[in-house]
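Notes for the structure review
So you can see what is in the structure, the chains are spelled out below.
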Amino acid sequence: MLDREQVQKVAHLARLELTEAEEESFTRQLSSILDYFEQLSELDTTDIQPTTRAIETSNVTRQDVLDPSLAQEEMLTAAPDRSDRFFQVPQIMSD
Amino acid sequence: MASIRELHKQLIQKERSAVEIATEALDRIQKLEPQLHSFLHVMGDRALEQAKAVDDKIAAGEAIGLLAGIPIGIKDNICMRGVPTTCGSRILENFVPPYESTVTQKLQDAGAILVGKTNLDEFAMGSSTENSGYGRTCNPWDRDRVPGGSSGGSAAAVAAGECTVALGSDTGGSIRQPASLCGVVGMKPTYGLVSRFGLVAYASSLDQIGPFAGCVEDAAILLGAIAGHDAKDSTSLKIEIPNYCQLLRPNFRPRTRLRIGVIKETFGSGLDSVVESRVKTAIEQLQLLGAEIQVISCPRFEYGLPAYYIIAPSEASANLARYDAVKYGIRAEEADNLIDMYKKTRAKGFGTEVKRRIMLGTYALSAGYYDAYYLKAQKVRTLIKQDFDSAFEKVDILVCPTSPTTAFKAGEKTDDPLSMYLSDLMTIPVNLAGLPALSIPCGFDDQGLPVGMQLISKVLREDLLLQVAYAYEQSTDWQFYKPDLTVATKQQKKS
């Protein structure tokens, strides 16, 4: 079960501003989804290794050769706000 | 629309030009889009330029490949340089990628005509294409119904003949389920077979790009064109790609005994009785073709759904952290500090289902819950994989319905996320195990809606999967049934 306060905390961690209505519906819906997840506890997973993919591969490497990267100007053009050669964002620290 | 091989023949025999074929596709898109909304962006001029280049090659007497001049749709979570890519999200409504995905580069190198970017559930999260930030796509067989999802636009576009084939992405069934609901062939390859460079990430341990097609051979051709190792995707497998097409035969009698296993657990409660009956008839057909049929148990199959809805949202919550309004995308105006800017932009830019999954994933990964949720789910993945491994000791191919129901009504499941999630019950375990699988049409229900059968194989046995699907297809005529798109509304159709 999840309460409203936990929903607010998770929303902050996820950097989401929720409306009152969203807080209310997410509290209800996420609780029922978490209840549904409970069935996994029926399975004994002691000594079972986790799986992340079908065919295990590891340490994928390549030659350390320089390739041209994307043009700086093109990257900056896509940004919502810029200042000269930099991405610009609202104030981070107080004065 | 004609098949790739038919179009190719017309091109090399100079019965039609690539520009004529592209124009026909673009005209059909223009005519049908007001009813279907399969596309978010149509690349008219670019498509005609590409077609002209193919015609120039033919005129110069140069050989062209099978995909040259073939109209293809691309799911709008696959980046193309200079072409708007929204992922069905408002947060990327102004995003124009500065780079090209490997798959679209390969298709363009092959001379394919990329006609447009297709609609999807926002960031590929959904099973009905209703979660698109740009409006839903309609099912060509009944416009009051959903095309499935998340690659609903690609499925509908192929079913309606707006393009010959299309690319989609499949994380938990997002190619196979819409293929089933729209009556086309849809395939999810082995994890790692197709490069994901340029595919916008949803759940990275599961995402895979694959083909939609009107027939098995077209799917085989498209898969062959996009498969293969890519240094730009570290999960991409270094293997030889077989010529999938050349291996297709109308029957499998001459081969050594083909063993097909019916997954017992998928024929339980919740399965629509008509879907059950059509799939069982199709299995009998496989038997007539010479396959030996066995009933196989995958006892942990049903735990795939809860495991998936922990793993996918967890990975999504991390992947979608990049939408921070700094480097690209929209930015909410009224923020007075950085954190506020993140929160307001993401509140404004993401739709409800995306927020719900980010919340779910953030919770599952937060301090104190990781072991109970994410790690537990990854271990359950191992158990599901073990079920498949032991099944494949007894049989070569597994079969089950692709979706427990045919296409449902728009709006029917939007208020109940859990009931929407349940429509992926049959497809999800395959992604968790990383296996290849395809959905092939196997009939219609009483309302004329398509039913799909799912075939699953061992890793990297796409060749066998396509062979079995092809033999089945050649022994039936389902591929020749097309939706009636001349009638404007359903009311008129009924009267």
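Model, not experiment: these values are computed from the prediction.

The next point concerns the nonpolar core. Ranked by size, the top nonpolar core spans 90 residues in total, and within it B:Leu67, B:Ile72, B:Leu107, B:Leu167, B:Met453, B:Leu455 and B:Leu466 carry the most contacts. What B:Leu167 contacts, discounting residues up to four positions off in sequence, is B:Gly73, B:Ile74, B:Lys75, B:Ile78, B:Val103, B:Leu107, B:Ser154, B:Ile209, B:Gly210, B:Phe212, B:Leu222 and B:Ile226.

A word on the environment of B:Asp76. Residue and element names in this part refer to chain B. Relative to the elements of secondary structure, Asp76 occurs in the loop between strand 2 (71–75) and helix 4 (102–109). You can call Asp76 buried: its relative accessible area is 1%. When the C-alpha atoms of Asp76 and Gly411 are compared, they prove to be 23 Å apart, with 335 residues separating the residues in sequence. When residues no more than four places from it in sequence are discounted, the contact partners of Asp76 are Leu40, Pro84, Thr85, Thr86, Cys87, Gly88, Lys117, Thr118 and Leu120.

Turning our eyes to something else, we now look at the packing of aromatic side chains. Residue and element names in this part refer to chain B. In the structure shown here, the tally under the stated rule is 19 aromatic pairs over all chains. A centroid spacing of 5.2 Å and a plane angle of 40 degrees characterise the contact between Phe95 and Tyr328, whose relative ring orientation is tilted. Note that Phe95 is positioned in the loop between strand 2 and helix 4 and Tyr328 in the loop between helix 9 (304–319) and helix 10 (338–349), a separation of 233 residues in sequence. Since its relative accessible area comes to 22%, Tyr328 is described here as partly exposed. Look at Phe444 and Trp478: their rings are 6.0 Å apart centre to centre, the planes differ by 65 degrees, and that puts the pair in the edge-to-face class. Remark: Trp478 occurs in the loop between helix 15 (462–474) and helix 16 (490–494) and Phe444 occurs in strand 10 (residues 437–444); sequence separation between them is 34 residues. For Phe444, a relative accessible area of 15% puts it in the buried group.

All names here are of chain B. Strand 6 (residues 208–213) sits mainly inside the fold: six of its six residues count as buried. Both strand 4 (residues 165–170) and strand 6 contribute to a ladder of six bridges, which runs antiparallel. Among the inter-strand pairings, Leu167 is bridged to a residue of strand 6, identified as Pro211. Two strands pair when backbone bridges link them, and strand 5 (residues 185–188) and strand 6 are joined in this way by two bridges, in the antiparallel orientation. In the strand pairing of strand 6, Val185 is matched with Ala213.

Further remarks concern the packing of helix 2 (residues 18–36) of chain B against helix 3 (residues 44–59) of chain B. Packed helices, taken two at a time, are described by their axes: the angle between them and the distance between them. Residue and element names in this part refer to chain B. One way to put it is that helix 2 packs onto helix 3 with a least axis distance of 7 Å and a crossing angle of 155 degrees. By the angle class used here, helix 2 and helix 3 are roughly antiparallel. Relative to helix 3, helix 2 is oriented so that their crossing is right-handed. Residues Ala18, Val19, Ala22, Thr23 and Leu26 of helix 2 touch helix 3, and the partners they reach there are Gly44, Ala47, Leu48, Ala51, Lys52, Val54 and Asp55.

Residue and element names in this part refer to chain B. Pairing is mixed in the open sheet, where 11 strands are placed in the order 1-3-2-4-6-5-10-11-9-7-8. Since the sheet does not close on itself, it has two edges, and those belong to strand 1 (39–42) and strand 8 (292–296), each with one partner. The sheet shows a mean angle of 30 degrees between the axes of neighbouring strands, taken without regard to direction. The sheet contact formed by strand 1 and strand 3 (residues 113–118) spans three bridges and is antiparallel. Note that in strand 3 the partner of Val42 across the bridge is Gly116. In this fold helix 7 (residues 216–226) packs onto strand 2, strand 4, strand 5, strand 6 and strand 10, with an angle of close to 150 degrees to the strand it touches most, strand 6. Strands strand 5, strand 7 (259–263), strand 9 (397–401), strand 10 and strand 11 (450–457) of the sheet are contacted by helix 15, whose axis makes an angle of about 10 degrees with strand 10.

Listed as interface residues are 65 residues of chain B and, on the opposing side, 51 residues of chain A. Across the chain B to chain A interface the summed buried area is about 5200 Å²; carbon plus sulfur atoms make up 70%. Of all residues in chain B, B:Tyr303, B:Lys343 and B:Met359 give up the largest surface area on contact with chain A, accounting jointly for 13% of the area buried on that side. Along the contact surface separating chain B from chain A lie four salt bridges. Between the two partners, chain B and chain A, sit 17 residue pairs in polar contact (both at pLDDT 80 or more). Those elements giving two or more residues to the side of chain B that touches chain A turn out to be helix 9, helix 10, helix 11 (352–365), helix 12 (371–394) and helix 13 (417–421) of chain B. The biggest single contributor to the side of chain B that touches chain A is helix 12 of chain B, with 11 residues.

Here is what the cut-offs are and how they apply
- Residues numbered from 1 in each chain as written.
- Chains lettered and ligands numbered in written order.
- Predicted model: local features only at pLDDT ≥ 70, side-chain atom pairs only at ≥ 80, totals over all residues.
- Heavy atoms only, no water.
- Core = buried A, V, L, I, M, F, W, Y, C linked by side-chain atoms within 4.5 Å.
- Buried < 20%, exposed > 50% of the residue type's maximum accessible area, 1.4 Å probe, protein only.
- Contact = heavy atoms within 4.5 Å.
- Helix = DSSP H or I, 4+ residues; strand = E, 2+ residues; numbered from the N terminus.
- Phe/Tyr/Trp six-rings, centres within 6.5 Å; stacked < 30°, edge-to-face > 60°.
- Pairing = 2+ DSSP bridges.
- Axes fitted to C-alpha atoms, helices over the stretch in contact; angles between N-to-C directions.
- Parallel < 35°, antiparallel > 145°, perpendicular 65-115°, else oblique.
- Left-handed = near helix turned anticlockwise from the far one by under 90°.
- Buried area = accessible area lost by both parts, 1.4 Å probe.
- Salt bridge = Lys/Arg side-chain N within 4 Å of Asp/Glu carboxyl O.
- Polar contact = N/O pair within 3.5 Å; in protein donor to acceptor, adjacent residues only side chain to side chain.

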